[in-house]
Every structure is written in structure tokens, then in C-alpha cells.
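Notes for the structure review
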Amino acid sequence: MSHLLEVEHLKVTFPTYGGEVQAVRDVSFYVDQGEVVAIVGESGSGKTVTVQTIMGLIPAKNIKDGNVRFNGKEILHLSKKEMRKLKGSEIGMVFQDPMTSLNPTMKIGKQIAEGIRKHQKLSKAEAKQKAIELLRLVGIPNAEERYHQYPHEFSGGMRQRVVIAIALACNPKLLIADEPTTALDVTIQAQILDLMKELQKKMGMSIILITHDLGVVAEMAQRVIVMYGGTVVETGTVFDIFENPKHPYTWGLLRSIPNLHDKEKKRLVPIEGSPPDLFSPPKGCPFAPRCPYAMEICVEKNPTPFHISNGHTANCWLNDPRAPKVEAFIAEGRE
Amino acid sequence: MYIVKRLLTMIVTIWLIATLTFIIMKSIPGDPFASDANVLPEEVLQNIRAKYNLDKPLPVQYVLYMKNLLTFDLGPSIQSETRDVNTLIADGFPVSAVLGLQSLVIALLFGILLGIIAALNHNRLLDRLAMFLAIIGISVPSFILAPLLIKYFAVEWKLLPVASWGTWAHSILPSIALATTPMAVIARFMRSSMLEVMQQNYIKTAEAKGLSPATIVIKHGIRNAILPVITFIGPLFAVLITGTFVIEKIFAIPGLGKYFVDSIFNRDYPVILGTTVFFSTILVITLFLVDISYRLIDPRIKLTSNKGD
Ligand SMILES: Nc1ncnc2c1ncn2[C@@H]1O[C@H](COP(=O)(O)OP(=O)(O)OP(=O)(O)O)[C@@H](O)[C@H]1O
Ligand code: SF4
Ligand SMILES: [Mg+2]
């Protein structure tokens, strides 16, 4: 069976005064129908650029290489007009900051109806009715009244519900959520995640969920993509990543989450060192300068994906049969 | 409630301006009859002074003036035998208002348009060109631009009348001369406002809906970018109304600005006071209207200051 979304060897760069930022260098992954895939990785690892490229929000001149296939169709080189047909109808997007992702001078309801009317042949009244239904669907009380209100009359959590309603307006096959809860209070975060989970079950769409929170990953996702320095370093099921991680960067990530079973909250242990220079990325493994297990070959050659098991790959030389065996890792952080 | 409060503030403001003008004017040395002093006999002068209440002590003059002001009577002019200040304003203001409003419309329309074009072509040729024009527009004062316009459009190409007032054609050159600088200021302001708005996250949201670039620019871009420009209209109106002095002088237009300048040279107290009070009233009302319209356009601002009930 072919995948709903397939990203292959994606490369995106941005010219800046300081040189060319290689934001995404070689990213490949796939998303299946009805699946929730999480993308994790530290700040600047290229998560947002990757998904915005899929969404057609990155100018074509910045996309240097790669393919994106959606529903079996190549979409990276679609005309702008064809891409606009896809955006908001087949693929919806939820942004990080609900406080700024709604137009402050347009009524909430109109912002939802606008997308509906763009993609479906509905009258104004029908679109309005649909928008009100969507507001109900995302759990906004008094939807009819709320339709006529402006964003400033909504709390952060309520606004994010509206943003979700906009993204889901045309029953997309794929929902991309870029840190949808980072800007919200902890209690609200849980509500929004529950809502997304519920809607995913109800509507059956696939979700790409970007998050910094591995707890959220465990809760929501079936598969995980770990990104580092503009590349995918490990990918696998949630079980693979949490119970059998095969990349030192993933070990570091796991070590940096507080242990749930701990009585007292431990401070997060950030991974030491700084991310690679994206202006001139190293030719070897991008994690080498920070990796306690780095070998000679790591600096020389960037590791290709090693297949650990079905669907589980790790870009790390340690998985080469000739590499020395490295003993368990997370234990040190969880003693 | 809010509107009542604003109206009261407006009245107090106008009263303060009238009082201040009165005080400043009386503290400037000079006499409206100075040039005639050696010609007219002392008794005649006395009579004239009495006619304009100039013989009374200052506080009495002040009270008398304020009393008249309350009945919208701005008193007689000293220079003009036939027309009192009210008539002067009634004759001159419509002319100035047409000139000012026409310039305001030109400045807003073309300034906003130029700003949008520049922003949408950020750092490309059209942007550079628009901003080059804007810099010129800002740095060339109207009293230099006006003679240039006259030289080419009126004298050399004979497209428009040289000066004076009458038909609409007469108003074109002075309106353009008056509008150029504010238009350039608005263009630059609109450009940066538009650039900022197009960077906002809600534009990305609109893009993610699959809307066309035109819809995004018009519905989500311009409306938000134009809000700060509206706050400009009040002060701009003031600039245009007061800016008419020079233009009215150059083009020999019988507007209020011309009377005002003449009255200052002639120490025509009632005219100075009257026009100042009139100008400030216009200004205060404009600011009020702009405030109201701003609140109508921007839903985040409410007309009522008391929230929740
Ligand atoms: N428009 C742009 N111009 C220049 N550089 C950019 C641009 N967009 C992204 N970058 C750079 O690309 C890199 C990857 O950015 P990206 O936003 O994808 O990171 P991220 O993984 O989403 O991080 P975060 O977790 O902080 O959101 C960063 O170094 C960023 O500075
Ligand atoms: S390839 Fe080498 S440097 Fe890179 S993560 Fe693996 S061991 Fe560390
Ligand atoms: Mg991001």
C-alpha cells in the first residue's frame, strides 16, 4: 500500500547575510493513512521548515532538492494554483501561537467560512452553518453567538480551538500541527490534545505533530521522527524509540525528560553542547561534536540509515556490525 | 458615557486654546492702529478703541470676548469695515476646506496605494522607485514644488490655470502641491505597516487556507495595515489646513489661510483670535471623528470604557 504522504531527500536552504542556512538537509519520512506521526528534535533542527515545505508555505526558490508525494501525487512542483486547491482542503495546518495566528480584525466565523467557501461550492448561508457546526465540533459553547465575535474576545485555548476548526474545515486527509500547545497553559494543553485525539478518531485523518514534549509523543503518536541539525537521525514506532532507541541523540532526548516515577521532580538534563552550524554543516555525523561515543569514521562520513527492524532506522555508525558495543544509556539519567 | 466625556474634553480644550491665544496676543507688543497713529487725532483713536473694547482693562476684554464666543459671535474685524470675523470665516473657510480635503484625499489615496505597491514588491525595483519618490516628496517643500508645478503645467504646457480660484481646474495644482509631502509620509508609513502585517502569523494561516494572494492581501493584509494610518488623518488634516497658508499665498487663493496670515501682519486681534479658535475647533472635532472611526474599524477598541455590563 502506498503512503498518504512521502517525503524524500528534502533539502531547503535560506540565503541570509551570513551565508546560506541549510535548514533542512536530507529529510525523508512517510505518513500513513489515519496515523499520528510525531516529529521531535531541539530548536532549530528544521521541524517547522520541513512541514511548511509540505504545506507549500516555503517559496519554491528555497527548495533545493527532494520530492513530496501526497496521495501518490508529486506536490512539490505543483503550480501555485494547484497547490492552493490542496491547502486548506486536503491538508490543514495548526500553528504554534494561537494568539497571533488569527486575523484580529475579522470575525471568527468568517475566518472559518472563508476557507470553506474557497474549496466547496456553498452559499454564504451554508458556509456559515458549516462554520457554526465546526465551532461546536471543536467544543466552543454558544457557537452561533461566538461566530460573530473577534479573536480578542477568545482565550488562548479557545483561539487554538478556532485554529483547529479552520484547519479541519474541509475534512483534510492530513493535519499538520506545529507545536499546537506550546504557547498554552498546562491545563489547556491537555484539553487541546484530547480534542485533537478525539477529532482524529472521529474524522480519521492523519496527523503530523511537532512537539518538544516526549510525554505528548507517548500519548498521541504511533510513530516518531527524531530530527537533528536539519536531518532525520532516527525513526520508528513509539515503542522502538522509547524502549529500543539506537541513536545517541535520542538517548540524550530521553534522558532529558523527567522520570514520571520520580517522587521529586528532577531538573531536565539538557544535552550538552550546541547544535551544528547550519551555514557549513560538517561532512560527517552532525552530532559528532556532542556525541560521547564518536568514532573516527563519524567525523569522516555521515552515517546512512541503518535498519534496526521493520520501520525502525537510525543514522548512527554504532549500528554498524564492526562498531564497538555500547552499553545501555538512559540508565545513567534514570538511576 | 465615553462620548459625553470626550465632548466635555473638547469644549475645555477649545476654551484653553482661546484663552492662551488671547493671553499671547495681548502680550505681544504692537497696536492695530500703530501705522495710522500720527494721522488720526487722539479722540478718533479713542472712539475706535472703544468700538473694539480695547479701552477696557484686559480681564473685562477677556470676559466680553468669551461671552461673544459662547454665542458664536467672533466679533468685528479691524481691517475690514464691511465684513466681521464670522463672515470672513464663512467666505474663506469653504475655499480652504475644499483645498484641504482634496489634498487629504489625494494624499491618502495615492500614499496608501504607493505604500502597498512598495511593500508587495519589497526590495525590488518598484519598491525602490516608490521610496525614491517618497524621499523627494518629503524633502521638497510645497513652496518650491508649487512654482515648479506652475512653471510646467500652467506656463509651459498650458494645461491648467496659473493661479487664483474659481473652477475645479484652478484647484488641481494647489491640491497636488499641498498633498505631495503628506502623501510621501503616508506612503512610507503604509509600506512599513504593510510589510509588518504580511509577516504576521495570521497571513500564514490565510495562506494555509489556500486563499489566493489577492484575497490575502486585500482581506487580511490591507485592512490591518491601514489601521495605524487612520490615526494619521487627524494630525494630517491639521497640517493640510494650516499648510494652506503658503499655498493660498502662492496661488492667490482667497481662503482662510490667507486672511489669517494677513491678520497677523495687521495685528487684527479679532481675526487672529477668531480664526485660531475656529481652526482648533475643527482640529478637535476631526480628532474626535478619527477616534470614533478608528473604534468602528478596529474591533479590539470599544466605544464604552466600562467593560462587562
Ligand atoms: N525564512 C528563514 N530565513 C532564514 N533562516 C530560516 C528561515 N526559516 C528558518 N530558518 C532557519 O532554519 C533553521 C530551522 O528552523 P525551524 O524553524 O525549522 O526549526 P524548528 O525545528 O522548528 O525549531 P523550533 O523548535 O524552535 O520551532 C533555523 O536555524 C532557522 O533559523
Ligand atoms: S554516528 Fe558517531 S557521532 Fe554520530 S551519533 Fe553515532 S556514534 Fe555519535
Ligand atoms: Mg518550529
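Just above, that's the structure.
Structure report, in brief. All of these numbers come straight from a predicted model, not from anything done at the bench. (Residues numbered from 1 in each chain as written. Chains lettered and ligands numbered in written order. Predicted model: local features only at pLDDT ≥ 70, side-chain atom pairs only at ≥ 80, totals over all residues. Heavy atoms only, no water.)

1. Thoughts on a nonpolar patch on the surface
Residues and elements named next belong to chain B. A cluster of nonpolar residues, Phe143, Ile144, Leu148, Tyr152, Trp157, Leu159, Val246 and Ile250, forms a patch on the protein surface that exposes about 750 Å² of accessible area. Counting only elements with at least two residues in the nonpolar patch, the list comes to helix 6 (142-156) and helix 9 (213-250). Broken down by element, the residue count for the nonpolar patch peaks at four residues, all from helix 6. By secondary structure assignment, the location of isoleucine 250 is in helix 9. (Patch = residues over 30% accessible without salt bridge, like charges linked within 9 Å, V, L, I, M, F, W, Y side chains within 5 Å. Areas by Shrake-Rupley, 256 points an atom, 1.4 Å probe, with all protein chains shown as cover. Salt bridge = Lys/Arg side-chain N within 4 Å of Asp/Glu carboxyl O. Helix = DSSP H or I, 4+ residues; strand = E, 2+ residues; numbered from the N terminus.)

2. Focus: the site of ligand 1
Residues and elements named next belong to chain A. In the neighbourhood of ligand 1, 15 residues make up the surrounding shell, with Ser43, Gly44, Lys47, Thr48 and Val49 lying closest. In the environment of ligand 1, an oxygen atom lies 2.8 Å from a nitrogen or oxygen atom belonging to the backbone of glycine 44. Take glutamate 179: an N or O atom from its side chain is 3.3 Å from an oxygen atom of ligand 1. Out of a free accessible area of 640 Å², ligand 1 has 64% covered by protein chains. Going through the elements one at a time, strand 1 (5-16), strand 2 (19-31) and helix 1 (47-54) are the ones with two or more residues in the shell around ligand 1. Looking at the shell around ligand 1 element by element, the count peaks at three residues for helix 1. Considering only residue class, the shell around ligand 1 consists of five nonpolar, seven polar and three charged. (Near = heavy atom within 4 Å. Polar contact = N/O pair within 3.5 Å; in protein donor to acceptor, adjacent residues only side chain to side chain. Nonpolar A, V, L, I, M, F, W, Y, C, P; charged D, E, K, R; others polar.)

3. Describing the layout of surface pockets
A probe matching the size of a water molecule, rolled over the atoms, marks out where space remains unfilled. There is about 1,600 Å³ of room inside the largest pocket. The wall of the largest pocket is formed by 39 residues, among which A:Leu57, A:Ile58, A:Pro59, A:Lys80 and B:Glu207 lie closest to the centre. Of all the secondary structure elements, the ones that give two or more residues to the lining of the largest pocket are strand 1, helix 1, strand 4 (63-70) and helix 2 (80-86) of chain A together with helix 4 (85-120), helix 7 (168-198), helix 8 (201-208) and helix 9 of chain B. (1 Å grid on protein atoms, 1.4 Å probe; cavity = no way out; pocket = protein on both sides within 12 Å on 5 of 7 lines; lining within 4 Å. Points joined across faces, edges and corners; volume = space filled by probe spheres on them.)

4. Some words on unusual backbone geometry
All names here are of chain A. The backbone of asparagine 171 shows a phi angle near 50°, a positive value even though the residue is not glycine. Of note, asparagine 171 is situated in the loop between helix 6 (156-168) and strand 7 (174-178). A relative accessible area of 51% means that asparagine 171 is categorised as exposed. (Buried < 20%, exposed > 50% of the residue type's maximum accessible area, 1.4 Å probe, protein only.)

5. Notes on the site of ligand 2
In the region of ligand 2, 13 residues are neighbours, and A:Cys285, A:Cys291, A:Cys298, A:Cys316 and A:Trp317 sit closest. Looking at the shell around ligand 2, its residues break down into twelve nonpolar, one polar and no charged.

6. Section: the pairing of strand 6 (residues 91-94) of chain A
Residues and elements named next belong to chain A. The side-chain alternation of strand 6 yields two buried faces, one formed by Ile91 and Met93 and the other by Gly92 and Val94. Judged from the four bridges that link them, strand 6 and strand 7 form a sheet pairing that is parallel. Bridge pairing links valine 94 to alanine 177 in strand 7. (Pairing = 2+ DSSP bridges.)

7. Section: the interface of chain A and chain B
Across the boundary between the two partners, chain A contributes 25 residues, which contact 21 residues of chain B. At the boundary of chain A with chain B, total buried surface from both sides reaches about 2,100 Å², with 58% on carbon and sulfur atoms. Our enumeration of links across chain A and chain B arrives at one salt bridge. As a salt-bridge pair, B:Lys209 and A:Glu114 come within 2.7 Å of each other at their nearest N and O atoms. Across the chain A-chain B interface, the total number found is eleven residue pairs in polar contact (both at pLDDT 80 or more). Every element with two or more residues in the side of chain A that touches chain B is listed here: strand 6 and helix 3 (108-119) of chain A. Of all the elements, helix 3 of chain A adds the most residues to the side of chain A that touches chain B, at five residues. Residues that form the side of chain A that touches chain B fall into these classes: ten nonpolar, ten polar and five charged. (Contact = heavy atoms within 4.5 Å. Buried area = accessible area lost by both parts, 1.4 Å probe.)

8. Here's the deal with the nonpolar core
Counting residues in hydrophobic clusters, the biggest one holds 69 residues, and the most contacted among them are B:Phe93, B:Met190, B:Met194 and B:Phe251. A total of 13 residues in this core trace back to one element, the largest contributor, which is helix 4 of chain B. Membership of the second largest hydrophobic core comes to 62 residues, among which are A:Met158, A:Val163, A:Leu193 and A:Cys285. (Core = buried A, V, L, I, M, F, W, Y, C linked by side-chain atoms within 4.5 Å.)

9. Let's talk about the packing of helix 10 (residues 256-265) of chain B against helix 11 (residues 269-297) of chain B
Residue and element names in this part refer to chain B. Here helix 10 crosses helix 11 at 140°, and the two axes come no closer than 9 Å. In terms of axis orientation, helix 10 runs oblique to helix 11. In the packing of helix 10 onto helix 11, the handedness of the crossing is left-handed. Taken together, the residues of helix 11 that come into contact with helix 10 (itself represented by Leu256, Tyr259, Phe260, Ser263 and Ile264) are Val271, Ile272, Thr275, Thr276, Phe278 and Phe279. For the contact of helix 10 with helix 11, the residue count by class is eight nonpolar, three polar and no charged. (Axes fitted to C-alpha atoms, helices over the stretch in contact; angles between N-to-C directions. Parallel < 35°, antiparallel > 145°, perpendicular 65-115°, else oblique. Left-handed = near helix turned anticlockwise from the far one by under 90°.)

10. Things to note about the packing of aromatic side chains
All names here are of chain A. All chains considered together, the criterion is met by 13 aromatic pairs over all chains. Measuring from ring centre to ring centre gives 5.7 Å for phenylalanine 306 and tryptophan 317, while their planes differ by 70°; the resulting arrangement is edge-to-face. Here the residue phenylalanine 306 occupies a position in strand 11 (residues 306-309), and tryptophan 317 occupies one in the loop between strand 12 (312-314) and helix 12 (330-333), the gap between them amounting to eleven residues. Exposure remark for tryptophan 317: the relative accessible area of 9% places this residue in the buried category. (Phe/Tyr/Trp six-rings, centres within 6.5 Å; stacked < 30°, edge-to-face > 60°.)

11. A look at the side chain of A:Arg223
All names here are of chain A. Structurally, arginine 223 can be placed in strand 9 (residues 223-228). Classification of arginine 223 as buried rests on a relative accessible area of 7%. A polar contact is formed between the side chain of arginine 223 and the side chain of glutamate 35, at a distance of 2.6 Å. Excluding anything up to four places from it in sequence, arginine 223 contacts Tyr30, Val31, Glu35, Val36, Val37, Ala38, Thr235, Gly236, Thr237 and Val238.

12. Some details on the pattern of salt bridges
Residue and element names in this part refer to chain A. By the definition in use, this model includes 16 salt bridges over all chains. With a closest N to O distance of 2.7 Å, arginine 290 and glutamate 42 form a salt bridge. Highlighted residues: arginine 290 in the loop between helix 10 (248-255) and helix 11 (296-300) and glutamate 42 in the loop between strand 3 (36-40) and helix 1, separated in sequence by 248 residues. Each of the two residues, arginine 290 as well as glutamate 42, counts as buried. Among the salt bridges present, the one from lysine 173 reaches glutamate 90, with a minimum N-O distance of 3.1 Å. One end of the pair, lysine 173, is in the loop between helix 6 and strand 7; the other, glutamate 90, is in the loop between helix 2 and strand 6, with 83 residues separating them in the sequence. Exposure remark for lysine 173: the relative accessible area of 30% places this residue in the partly exposed category. Since its relative accessible area comes to 25%, glutamate 90 is described here as partly exposed.

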